Amino acid sequence: MKKESGKAKPRNFTEFPLAKASFSLSVHDPGDLPRPGAPEIAFAGRSNASKSSAINTLAGRRRLAFVSKTPGRTQLINFFSLGGDAFLVDLPGYGYAGVPGEVRQHWKELVGRYIAERQSLAAVVVVMDSRHPLTELDLTLLEWLREAGRRAHVLLTKSDKLSKQAAQSTLARVRRDLGSVYPGATAQLFSSLKREGIAEAASVLSQLAAGKNKAPAKGE
């Protein structure tokens, strides 16, 4: 038997979080979405919640996801292949006041249909600024996810901006509130600057991609 050289490549997020990610395609219209296939983990969040930075940190890359200096600029669904095992899907940010009404409507149509209809969508990571979590728009998104029966994990970014005590207090409050607005959803602290929360997020993403976390029943 031929001896294998080197270590076997890891096959899930926990062992090698998102490091196999490579850009696949961008979609502007719901009708242009690719055929469903490997499980998809989507990232959604307000335009200033550091969603792109979180994706880049998890992937160990600087510019996998574009970090715009103008929040709300990107209005595309971007697909990144994870070596054939799954897809990371970067949804356009929401809630930026300077975006015209027609752009907000496009976001609602594009993202709303993706969440409601996408067969291969395994879960959605909802990215929130830990200093301002569970805004009205965040709650609207969570309601969409709950109605669609989607699994959800909340990433509380910029936790380095809070003291340790304040960060833990915020996490406890968010988890408590999620218990009433979205039973079954999980939450954690995350900091791209300090590179904190990566292992926890990787473990959760691995379970979500494998369908191990129970999704809420539609309409519950």
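Residues numbered from 1 in each chain as written. Predicted model: local features only at pLDDT ≥ 70, side-chain atom pairs only at ≥ 80, totals over all residues. Heavy atoms only, no water.

Student: Now, about the overall build of the chain: what can you tell me, with residues and values included?
Tutor: From N to C terminus, the chain includes five helices and seven strands. Counting across all 220 residues of the chain, residues that qualify as buried make up 45%. In the chain, 75% of the contacts between residues at least 6 apart in sequence involve partners at least 24 apart. For the chain, the computed accessible surface area is about 11700 Å², with 50% contributed by carbon and sulfur atoms. (Helix = DSSP H or I, 4+ residues; strand = E, 2+ residues; numbered from the N terminus. Buried < 20%, exposed > 50% of the residue type's maximum accessible area, 1.4 Å probe, protein only. Contact = heavy atoms within 4.5 Å. Areas by Shrake-Rupley, 256 points an atom, 1.4 Å probe, with all protein chains shown as cover.)

Student: Pulling in residues and values, what's your account of the pattern of salt bridges?
Tutor: Summed over the entire model, instances satisfying the criterion amount to eight salt bridges. The salt bridge partner of Arg 113 is Glu 109, with a shortest N-O separation of 3.6 Å. One end of the pair, Arg 113, and the other, Glu 109, are both in helix α2 (residues 101–117), four residues apart, so they sit about a helical turn from each other. Taking the relative accessible area as the measure of exposure, Arg 113 reaches 34% and is therefore partly exposed. Looking at Glu 109, the relative accessible area reads 38%, which means it is partly exposed. (Salt bridge = Lys/Arg side-chain N within 4 Å of Asp/Glu carboxyl O.)

Student: So, the environment of Leu 88: which residues are in play, and what are the values?
Tutor: In this structure, Leu 88 sits in strand β4 (residues 87–90). For the pair Leu 88 and Ala 42, spaced 46 residues apart in the sequence, the C-alpha separation amounts to 5.9 Å. Apart from the residues within four sequence positions on either side, Leu 88 is in contact with Leu 18, Ile 41, Phe 43, Ile 55, Asn 78, Phe 79, Phe 80 and Leu 82.

Student: Which residues make up the confidence of the model for the chain, and what values do they have?
Tutor: In this model, the chain carries a mean pLDDT of 84, and residues with pLDDT of at least 70 account for 81%. Across the chain, the element-wise mean pLDDT spans from 85 in α2 up to 98 in strand β7 (residues 186–189). The low-confidence segment residues 1–11, where pLDDT is below 50, has five contacts with residues more than four positions distant or belonging to other chains. (pLDDT = per-residue confidence, 0-100.)

Student: Could you give an account of unusual backbone geometry, with specific residues and numbers?
Tutor: Positive phi values are uncommon outside glycine, yet Lys 158 reaches one of about 60 degrees. Inspection of the secondary structure assignment puts Lys 158 in the loop between β6 (151–157) and α4 (164–181). The buried category is assigned to Lys 158, whose relative accessible area is 19%. The phi angle at Arg 195 is positive, at roughly 55 degrees, despite the residue not being glycine. Structurally, the position occupied by Arg 195 is in the loop between β7 and α5 (198–209).

Student: Lay out α4 in plain terms, naming residues and giving numbers.
Tutor: Look at α4: 26 Å from first C-alpha to last across 18 residues, which is about the 26 Å you get at 1.5 Å a residue. Every buried residue of α4 is accounted for by Ala 167, Thr 170, Leu 171, Val 174 and Leu 178. On an axial view of α4, the arc spanned by its buried residues comes to 100 degrees, and they lie on one face. Away from its buried face by more than 90 degrees, α4 exposes Gln 165, Arg 176 and Ser 180. For α4, the elements touching its buried residues are α3 (136–148), β6 and β7. (Expected span 1.5 Å × (residues − 1). Arc of directions from axis to C-beta.)

Student: How would you explain the packing of α2 against α3 if you had to name every residue and give the values?
Tutor: Viewed as axis vectors pointing N to C, α2 and α3 meet at an angle of 30 degrees, and their least axial separation amounts to 9 Å. α2 and α3 meet at a crossing whose hand is right-handed. In contact with Trp 107, Lys 108, Val 111, Gly 112, Ile 115 and Ala 116 of α2, α3 contributes Leu 141, Trp 144, Leu 145 and Ala 148. Looking at the contact of α2 with α3, its residues break down into eight nonpolar, one polar and one charged. (Axes fitted to C-alpha atoms, helices over the stretch in contact; angles between N-to-C directions. Left-handed = near helix turned anticlockwise from the far one by under 90°. Nonpolar A, V, L, I, M, F, W, Y, C, P; charged D, E, K, R; others polar.)

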